[in-house]
Amino acid sequence: MRVVEVENLRKVFGDTVAVDGISFGVGRGEIVALLGPNGAGKTTTIKSILNLIVPDSGRIVVAGRDVRPGDYWLYDFISGVLEGNRNIYWRLTVEQNIRFFAGLNGRKISKREIDGILERFGLGEKRKTEARNLSRGMQQKLAIASVLARKTPILILDEPTLGLDVDTTYQLMEIVRSLREDMGRTIIVSSHNMRFVENTADRVIFINRGKIVAEGSVEQLKRMFSYETYMFRASGGNISPQGIFPDGKVERVGDEWRIYVSLNQSEIYDAVDALRSNGFLLKEIRLQEPDLESIYMRVMKEERSDETASGNGNA
Ligand SMILES: Nc1ncnc2c1ncn2[C@@H]1O[C@H](COP(=O)(O)OP(=O)(O)OP(=O)(O)O)[C@@H](O)[C@H]1O
Ligand SMILES: [Mg+2]
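Thresholds applied
- Residues numbered from 1 in each chain as written.
- Chains lettered and ligands numbered in written order.
- Predicted model: local features only at pLDDT ≥ 70, side-chain atom pairs only at ≥ 80, totals over all residues.
- Heavy atoms only, no water.
- Near = heavy atom within 4 Å.
- Polar contact = N/O pair within 3.5 Å; in protein donor to acceptor, adjacent residues only side chain to side chain.
- Areas by Shrake-Rupley, 256 points an atom, 1.4 Å probe, with all protein chains shown as cover.
- Helix = DSSP H or I, 4+ residues; strand = E, 2+ residues; numbered from the N terminus.
- Buried < 20%, exposed > 50% of the residue type's maximum accessible area, 1.4 Å probe, protein only.
- Pairing = 2+ DSSP bridges.
- Axes fitted to C-alpha atoms, helices over the stretch in contact; angles between N-to-C directions.
- Phe/Tyr/Trp six-rings, centres within 6.5 Å; stacked < 30°, edge-to-face > 60°.
- Donors = N, O, S within 2.8 Å, 3.2 Å for Na, K, Ca; no water.
- Patch = residues over 30% accessible without salt bridge, like charges linked within 9 Å, V, L, I, M, F, W, Y side chains within 5 Å.
- Salt bridge = Lys/Arg side-chain N within 4 Å of Asp/Glu carboxyl O.

> Sorry, what's going on with the site of ligand 1 here?
Among the 14 residues in the neighbourhood of ligand 1, the closest are listed as Gly39, Lys42, Thr43, Thr44 and Glu83. One of the backbone nitrogen or oxygen atoms of Ala40 is found 3.1 Å away from an oxygen atom of ligand 1. Residue Gly41 places a main-chain N or O atom 2.9 Å away from an oxygen atom belonging to ligand 1. A total of 640 Å² of accessible area belongs to ligand 1 in isolation, and the protein chains cover 63% of it. Looking at the shell around ligand 1 element by element, the count peaks at 3 residues for helix α1 (residues 42–49).

Shown next as structure tokens:
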């Protein structure tokens, strides 16, 4: 069953088409990630779902019901943390913030539940600290924790990983996964952190210039955009391998080169010949499994070349 439905959403700001006919549905208990470059339209889509801006056209359905401008009923079902961390109250302590947000739906939160949330977010020691005196990353965690305390079945997180350190990003990954697994919550998340998305999302939606350009599970996307990336390990050589593979990624590890290139079967022989004739000693050739980041780069690169092919790219 679909708990969120976005149909042909469109939003224009002045002469910027922020969202240009986006449609997707989100099933109950699903984690859907929105991915795309800066300005792609992710936040605008999210704000439209949260009824914080009024779309120019299109339809948003939450829990089977159409969302109209000014509607409030949807906040029983859905809550969100937008980019940045402005939804917390600076002069309230960590614990007071959580109590406040939990109470928004008229719910009284138990001390035990608060302890659970604080522990999960590693904020236990800071429970009596005012939000304004937390570090930026802690404020972000508090914003997410506060929204969790509202216990809505649907949660929207816009760039929750922004500015978090490696450990905290990892913790958040675990939290997001457990929200789905232990509590059956539905989550829509946008993030530029590919590892985070790869490790949490059931489905990924790539957005570019206000349009969906690819969509699927990480596995499906890997198959859809599977192309052969090879890693050559070589030493020696009388030029930089970058000269042979201008489109490849070249790394120096100790006295070795690691060269990552997309090649088709027949090009492998040319590559090997080129390495040999330039004095390289080939140590290994390995087929690389594409990760989400390389798929993303590939999709966006194809998008760019489509734009060039069709003129100036103004759709
Ligand atoms: N309130 C606004 N007024 C004018 N233009 C806006 C407004 N909000 C967004 N835009 C424009 O709409 C486009 C999409 O912005 P949006 O914030 O949705 O992108 P995004 O995908 O969230 O990007 P990012 O990854 O940088 O967060 C951008 O060109 C942006 O400048
Ligand atoms: Mg955004």
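Having seen it, we continue.
> For this particular structure, what's the right way to read the pairing of strand β7 (residues 154–158)?
Taken residue by residue, a regular strand's side chains alternate between the two faces of the sheet. Most of β7 is tucked away, with 5 of its 5 residues classed as buried. Covered by surrounding structure in β7 are Ile154, Ile156 and Asp158 together with Leu155 and Leu157, the residues of both alternating faces. Across 4 bridges, strand β6 (residues 78–81) lies against β7 in parallel orientation. What sits directly across from Val81, in β7, is Leu157. Direction of pairing for β7 relative to strand β8 (residues 186–190): parallel, over a ladder of 5 bridges.

> How do you make sense of the sheet that holds strand β4 (residues 57–62) when you look at a structure like this?
If you trace the 4 strands from one edge of the open sheet to the other, you get β2-β1-β4-β5, paired in antiparallel fashion. Among the strands making up the open sheet, the edge pair consists of β2 (16–27) and β5 (65–66). Summarising the sheet, β4 and β5 pair through 2 bridges and their orientation is antiparallel. Bridged to Val62 within β5 is Arg65.

> How should I be thinking about the sheet that holds strand β3 (residues 31–35) in this particular structure?
The pairing of strands in a sheet happens through backbone hydrogen bonds and is either parallel or antiparallel. If you trace the 6 strands from one edge of the open sheet to the other, you get β6-β7-β8-β3-β9-β10, paired in mixed fashion. Edge positions in the sheet fall to β6 and β10 (211–216), since each has one partner strand and no second. Averaged over all adjacent pairs, the angle separating strand axes in this sheet is 15°, with direction ignored.

> Hey, could you run me through the packing of aromatic side chains in this one?
The relation between two aromatic rings is expressed through the spacing of the ring centres and the mutual angle of the planes. Taken as a whole and assessed by the stated rule, the structure comprises 7 aromatic pairs. Consider the rings of Trp73 and Phe77, whose centres lie 6.2 Å apart with planes at 75°: the pair is edge-to-face. Taking the relative accessible area as the measure of exposure, Trp73 reaches 15% and is therefore buried. The partly exposed category is assigned to Phe77, whose relative accessible area is 32%. Their ring planes at 40° and their centres at 5.8 Å tell us that Phe206 and Tyr296 sit as a pair that is tilted. Of this pair, Phe206 sits in strand β9 (residues 203–208) while Tyr296 sits in helix α10 (residues 292–309), and the two are 90 residues apart along the sequence. Among the aromatic side chains, those forming a connected cluster through ring pairs are Tyr89, Phe100 and Phe101.

> Sorry if this is basic, but what is going on with the environment of Phe232 here?
Structurally, Phe232 can be placed in strand β11 (residues 229–236). When the C-alpha positions of Phe232 and Val272 are compared, they lie 9.1 Å apart, and in sequence the two are 40 residues distant.

> Which parts of the structure should I look at to understand unusual backbone geometry?
Trans peptide bonds make up the majority, and among non-glycine residues the majority have a negative phi. For Asn51, which is not a glycine, the phi torsion comes out positive at approximately 60°. Note that Asn51 resides in the loop between α1 and β4. Assessed through its relative accessible area of 14%, Asn51 is described here as buried. Non-glycine residue Lys151 carries a positive phi angle of around 60°. If you trace the backbone, Lys151 turns up in the loop between α4 (136–149) and β7. Classification of Lys151 by relative accessible area gives partly exposed; the value is 45%.

> Honestly, the coordination of the magnesium ion (ligand 2) in this entry has me stumped. Any pointers?
Four donors placed tetrahedrally around a metal ideally meet at 109.5 degrees, and six donors placed octahedrally ideally meet at 90 or 180 degrees. Surrounding the magnesium ion (ligand 2) are the protein donor atoms Thr43 (OG1) and Glu83 (OE), which sit 1.9 to 2.4 Å from the metal. Pair noted here: Thr43 is in helix α1 and Glu83 is in the loop between β6 and α2 (94–103), with a separation of 40 residues, a long-range link. The buried category is assigned to Thr43, whose relative accessible area is 17%. Residue Glu83 is classed as partly exposed on the basis of its relative accessible area, which comes to 41%.

> Whenever I open this one, a nonpolar patch on the surface confuses me. Can you help?
On the surface, Tyr89, Phe100 and Leu104 cluster together into a nonpolar patch covering about 290 Å² of accessible area. Looking at the element boundaries, Leu104 is found in the loop between α2 and α3 (111–120). For Leu104, a relative accessible area of 46% translates into the label partly exposed.

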